[in-house]
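Commentary on secondary and tertiary structure
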Amino acid sequence: MNDSHLTGYSVIRRNRTADDFFMEMMRKLLWPVHRWIWLDPARRARKLLRFAETEADGGRDLVRAAELTPDPVLRRLFLVHARDELRHAELFRRRGASLLRALSKPSQSGFRADWLAPGERGLDDLRIEELEDGALLAFLHLSEKSAANHFALYRYVMQRDPSTGAVFEEVLRDEAYHMNYTLSQLVRVSPQRHRLLLWRARLSRLWKGYLRLAIGLAGVISGVILMILFFTLLPPFAYFAKRAARQEPAGWLPVSPERSVSLDRQY
Ligand SMILES: [Fe+2]
Ligand SMILES: [Fe+2]
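Before going into details, it helps to say that this report is about the structure given with it. (Residues numbered from 1 in each chain as written. Chains lettered and ligands numbered in written order. Predicted model: local features only at pLDDT ≥ 70, side-chain atom pairs only at ≥ 80, totals over all residues. Heavy atoms only, no water.)

**Focus on the packing of aromatic side chains**
Under the definition given, this model contains 16 aromatic pairs. Their ring planes at 65° and their centres at 5.4 Å tell us that Tyr 239 and Phe 240 sit as a pair that is edge-to-face. Taken together through their ring pairs, the aromatic side chains of Trp 38, Phe 51, Phe 92, Phe 151, Tyr 154 and Phe 168 make up a single cluster. One cation-aromatic arrangement involves Arg 43 over Trp 36; the distance from NZ or CZ to the ring centre is 4.7 Å. (Phe/Tyr/Trp six-rings, centres within 6.5 Å; stacked < 30°, edge-to-face > 60°. Lys NZ or Arg CZ within 6 Å of the ring centre and 35° of its normal.)

Spelled out as structure tokens, the structure:
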């Protein structure tokens with residue numbers, strides 16, 4: 001596989017960090033899985049509509065961040081960024097809707113594999129009011145970097161659907177710009193602490209990733225446990241119920257004379 005297909009934004013990046021190598025390794029390992037995930041047009045449509053929601057959400061968060069920052073340069077950049085995210089939402093919504101319209105029959109499965117193939121996570125439910133500009137920029141930088149990595153991979157696996165591939169291509173260009181401006185602004189507003197802020201943001205994303213994985217895993221484990229209970233505990237009950245039913249005489253039975261009294265009392 002040609003790496004340039006998977007790292008469409010690499011021309012914009014200067015220094016490759018351990019994160020970049022890790023992400024690239026993950027992409028190489030996971031691209032067949034992603035090809036399978038995106039193969040089904042119904043799932044593709046649902047995922048694009050989901051991405052549209054997340055992008056719009058991210059755009060609203062950035063407008064709020066622009067309102068809160070005391071820095072005029074950041075305010076302008078956040079507003080431009082917000083406008084980009086809203087445009088991404090529109091691009092994904094339009095493409096998802098046109099894929100849905102082209103389906104010959106309604107989609108059966110609701111499986112979207114979001115935990116394996118997420119889009120842009122935006123600010124991931126961060127409380128913007130509680131963050132200073134440096135911490136927000138560090139978080140945004142990592143989020144945009146991860147989105148750029150994912151969209152580069154999705155664009156690559158979209159060879160059979162060039163229209164959706166073109167949407168990812170367009171979005172990817174903006175994400176690469178977002179990734180770069182957030183880093184340069186982080187270095188500007190926190191020249192001494194930018195590395196520390198990046199590490200903090202990394203740990204916070206790692207913790208959120210762990211929580212997402214743990215919730216997903218808990219769902220799978222509880223499903224397996226219920227299945228085991230269904231096949232181990234229920235069969236004996238079913239067996240005894242059937243045996244008891246077999247011992248019951250079939251049809252109507254004569255009532256003994258002592259019980260067959262007049263119906264003028266309750267018992
Ligand atoms: Fe975006
Ligand atoms: Fe973005």
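There's more to say after this.
**A short note on the packing of helix α4 (residues 72-102) against helix α5 (residues 133-157)**
The N-to-C vectors of α4 and α5 enclose an angle of 30°; their axes lie 14 Å apart at closest approach. By the angle between their axes, α4 is roughly parallel relative to α5. As for how α4 packs across α5, the hand of that crossing is left-handed. Between α4 and α5, the residues in contact are Leu 74, Phe 78, His 81, Glu 85 and Phe 92 and Asp 133, Leu 136, Leu 137, Leu 140, Glu 144 and Phe 151, respectively. Residues belonging to the contact of α4 with α5 are distributed by class as follows: 7 nonpolar, 1 polar and 3 charged. (Axes fitted to C-alpha atoms, helices over the stretch in contact; angles between N-to-C directions. Helix = DSSP H or I, 4+ residues; strand = E, 2+ residues; numbered from the N terminus. Parallel < 35°, antiparallel > 145°, perpendicular 65-115°, else oblique. Left-handed = near helix turned anticlockwise from the far one by under 90°. Contact = heavy atoms within 4.5 Å. Nonpolar A, V, L, I, M, F, W, Y, C, P; charged D, E, K, R; others polar.)

**Some thoughts on α4**
Between its first and last C-alpha, α4 extends 46 Å over 31 residues, near the 45 Å set by a 1.5 Å rise per residue. One side-chain oxygen of the residue at the start of α4 lies 2.9 Å from the amide nitrogen of Val 73, identifying that residue as Asp 71. (Expected span 1.5 Å × (residues − 1). Polar contact = N/O pair within 3.5 Å; in protein donor to acceptor, adjacent residues only side chain to side chain.)

**Structural notes on the side chain of Asp 133**
Its location among the elements puts Asp 133 in helix α5. At 7.0 Å, Arg 188 is the nearest oppositely charged side chain to Asp 133, a buried residue that forms no salt bridge. Separated by 2.7 Å, the side chains of Asp 133 and Thr 69 make a polar contact. Beyond its immediate chain neighbours, meaning those up to four positions away, Asp 133 contacts Thr 69, Pro 70, Asp 71 and Leu 74. (Buried < 20%, exposed > 50% of the residue type's maximum accessible area, 1.4 Å probe, protein only. Lys, Arg positive; Asp, Glu negative; His and termini not counted. Salt bridge = Lys/Arg side-chain N within 4 Å of Asp/Glu carboxyl O.)

**Quick notes on the nonpolar core**
With 23 residues, the main nonpolar core has Trp 38, Leu 48, Phe 51, Phe 92, Phe 151 and Phe 168 as its most contacted residues. If you list the elements that add at least two residues to this core, you get α2 (18-39), α3 (41-68), α4, α5 and α6 (162-189). No other element matches α5, which puts 8 residues into this core. Of all hydrophobic cores here, the second largest spans 19 residues; its members include Leu 77, Ala 82, Leu 142 and Leu 186. (Core = buried A, V, L, I, M, F, W, Y, C linked by side-chain atoms within 4.5 Å.)

**Describing a nonpolar patch on the surface**
Judged by side-chain polarity, Leu 217, Ile 221, Ile 225, Leu 226, Leu 229 and Leu 233 come together as a nonpolar surface patch covering roughly 560 Å² of accessible area. The class for Leu 233 is partly exposed, based on a relative accessible area of 48%. (Patch = residues over 30% accessible without salt bridge, like charges linked within 9 Å, V, L, I, M, F, W, Y side chains within 5 Å. Areas by Shrake-Rupley, 256 points an atom, 1.4 Å probe, with all protein chains shown as cover.)

**A few points about the pattern of salt bridges**
If charged atoms from side chains of opposite charge come close, those side chains can pair. Following the criterion strictly, the structure yields 15 salt bridges and no others. Note that Arg 87 is salt-bridged to Glu 170, the shortest N-O span being 2.7 Å. Taken together, the residues Arg 87 in helix α4 and Glu 170 in helix α6 connect sequence positions 83 residues apart. Note on Glu 170: relative accessible area 28%, which makes it partly exposed. Linked by salt bridges that have partners in common, Arg 44, Arg 95 and Asp 161 make up one network.

**Description of the packing of α3 against α6**
Interaxial distance between α3 and α6 falls to 13 Å at its minimum, and their mutual angle equals 25°. It follows that α3 is roughly parallel to α6 by the angle criterion. Helix-helix and strand crossings are classified by hand; for α3 and α6 the assignment is left-handed. Across the interface between the two elements, Arg 44, Leu 48, Phe 51 and Glu 55 of α3 pack against Thr 164, Phe 168 and Glu 175 of α6. Grouping the constituent residues of the contact of α3 with α6 by class yields 3 nonpolar, 1 polar and 3 charged.

**Focus on helix α7 (residues 194-232)**
Compared with an ideal rise of 1.5 Å per residue, which puts 39 residues at 57 Å, α7 spans 56 Å between its outermost C-alpha atoms and is within 8% of the ideal. Those residues of α7 not exposed but buried are His 194, Leu 197, Leu 198, Ala 201, Arg 202, Arg 205 and Lys 208.

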